[in-house]
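Take a look at the letters that make up each chain.
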Amino acid sequence: MIRIAICDDDKEITYSIKKHLESKGKLLQDESLSIFQYQSGVDFLRDVEQGTYFHIAFMDIEMKERNGIEIGHSLRSHPGGDEIVMIYISAYENYFEALARVSNFSFIRKPLDMDIVDEVFSHAFAFCLKLKNGTHRAMLFHDYVGNSNQAVKIEEIVYMKTDKHILEIYIWDKQSNSISYRKKIYSSIAQALEKLPKNQFIQCGRSYLVNLDYVNKLRYTYLTFIDQDMTSLPIGRTHIDNVKKAYLKWRGL
């Protein structure tokens, strides 16, 4: 899943970009798009600081409170913020020198030409896929069997199951659209949560830690993943409210 933020105080612009990207997302075969709208750069930055991760951000420059360039600089100083592709939009072109200091950006001039939006987004999307298929956003665990540190890509983790201080990691098999067992590691759920994006991973019971990217449906007492077998996990009674809130926020609902 590629997560996209659209940040502009003009609701019509955020809506038009969102609808356009949704139509493009329907044509994708191996990836899906999750799109969020913000009318304030401050609100966007607050979600990032709380653990929400984005691959691409469409960012207006001239906004109230803080402009898009200031938001970009703050974003780059945040862990993981340097990986987000910034696509700036503005009616003016006199910002290029300031934008160059933000790095890793593109620029689209208002009024928006959707052909240009397509071109810029396609480049950003391809770049994000390369990052996802690389070694970024990996976390180290102490291997239960080999007694050594092992790296696991965060993007691949579907869920974890705990048994005392041993965690079993289950990862996504892209070729078969299925979930496969990866390994056992020395870690508690609390220790794993310290290393993972806060809003992306949620504890759904005493024994399970789930990556919301792979959740397809949420029911009152269980959740179902996107794999072909429709694997499901129970939701503990004391975790129901937290899981529901986290799921809705992660999906931008």
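Everything here concerns the structure above.
Residues numbered from 1 in each chain as written. Predicted model: local features only at pLDDT ≥ 70, side-chain atom pairs only at ≥ 80, totals over all residues. Heavy atoms only, no water.

Caption draft 1: Structural view of the pairing of strand E1 (residues 2-7). In terms of residue burial, E1 counts as a mostly covered element, since 6 of its 6 residues are buried. Covered by surrounding structure in E1 are Ile2, Ile4 and Ile6 together with Arg3, Ala5 and Cys7, the residues of both alternating faces. The pairing of E1 with strand E2 (residues 33-38) spans 6 bridges and is parallel. Looking at the pairing, Ile4 lines up with Ile35 of E2. In the sheet, E1 pairs with strand E3 (residues 56-60) via 4 bridges, with the strands oriented parallel. Pairing of Ala5 across the sheet is with Ala57, part of E3. (Buried < 20%, exposed > 50% of the residue type's maximum accessible area, 1.4 Å probe, protein only. Helix = DSSP H or I, 4+ residues; strand = E, 2+ residues; numbered from the N terminus. Pairing = 2+ DSSP bridges.)

Caption draft 2: Summary view of the pattern of salt bridges. For the structure shown, the criterion picks out 7 salt bridges. Among the salt bridges present, the one from Glu22 reaches Lys19, with a minimum N-O distance of 3.5 Å. Taken as a pair, Glu22 and Lys19 lie in helix H1 (residues 11-25) at a separation of 3 residues, close to a single helical turn. For Glu22, a relative accessible area of 28% puts it in the partly exposed group. (Salt bridge = Lys/Arg side-chain N within 4 Å of Asp/Glu carboxyl O.)

Caption draft 3: Region of interest: the packing of aromatic side chains. Applying the stated rule across the entire model yields 10 aromatic pairs. Ring centres 4.5 Å apart and planes at 10 degrees place the aromatic pair Tyr159 and Tyr170 in the stacked group. Of this pair, Tyr159 sits in strand E8 (residues 157-163) while Tyr170 sits in strand E9 (residues 166-173), and the two are 11 residues apart along the sequence. With relative accessibility at 16%, the residue Tyr170 sits in the buried group. Pairwise contacts between aromatic rings join Tyr159, Tyr170, Tyr181, Tyr208 and Phe225 into one cluster. Here the guanidinium or amino end of Arg3 rests over the ring plane of Phe54, the centre of that ring lying 5.4 Å away. (Phe/Tyr/Trp six-rings, centres within 6.5 Å; stacked < 30°, edge-to-face > 60°. Lys NZ or Arg CZ within 6 Å of the ring centre and 35° of its normal.)

Caption draft 4: The arrangement of the nonpolar core in detail. Ranked by size, the top nonpolar core spans 22 residues in total, and within it Tyr159, Val210, Leu223 and Phe225 carry the most contacts. Within the residue set of this core, elements represented by two or more residues are E8, E9, strand E12 (208-211), strand E14 (222-225) and helix H7 (240-250). Looking at this core element by element, the count peaks at 5 residues for H7. (Core = buried A, V, L, I, M, F, W, Y, C linked by side-chain atoms within 4.5 Å.)

Caption draft 5: Structural view of the pairing of E14. With 3 bridges joining them, strand E13 (residues 215-218) and E14 adopt antiparallel strand pairing. By the bridge assignment, Val215 is partnered in E14 with Phe225. Count of turn residues in the E13/E14 antiparallel hairpin: 3 residues. Hairpin remark: E14 followed by strand E15 (residues 232-234), antiparallel, with 6 residues in the connecting loop; positive phi at Met230, about 55 degrees.

Caption draft 6: Structural context of the sheet that holds strand E5 (residues 105-109). What the 5 strands build is an open sheet, ordered E2-E1-E3-E4-E5; its pairing is parallel. Of all the strands in the sheet, just E2 and E5 have a single pairing partner and so form its edges. Here the strands of the sheet are splayed against their neighbours by 15 degrees on average, with no regard to which way each runs. Lying over the sheet, helix H3 (residues 68-76) contacts E3 and strand E4 (85-90), oriented at roughly 170 degrees with respect to E4. (Axes fitted to C-alpha atoms, helices over the stretch in contact; angles between N-to-C directions. Contact = heavy atoms within 4.5 Å.)

Caption draft 7: Representation of the sheet that holds E13 in the model. Pairing is antiparallel in the open sheet, where 3 strands are placed in the order E13-E14-E15. The open sheet has two edge strands, E13 and E15, and neither has a second partner. Between one strand axis and the next, the sheet turns through 25 degrees on average, direction left out of account. Bridge analysis of E14 against E15 gives 3 bridges, and the strand direction is antiparallel. From the neighbouring strand, Leu223 faces E15, where its bridge partner is Leu233.

Caption draft 8: Representation of the environment of Ser34 within the structure. With respect to the element layout, Ser34 can be found in strand E2. Its relative accessible area of 5% is what places Ser34 among the buried residues. Spatially, the C-alpha atoms of Ser34 and Gly252 are 7.7 Å apart, while their sequence positions differ by 218 residues. Excluding anything up to four places from it in sequence, Ser34 contacts Met1, Ile2, Arg3, Ile4, Trp250 and Arg251.

The values are spatial; any link to function lies outside them.
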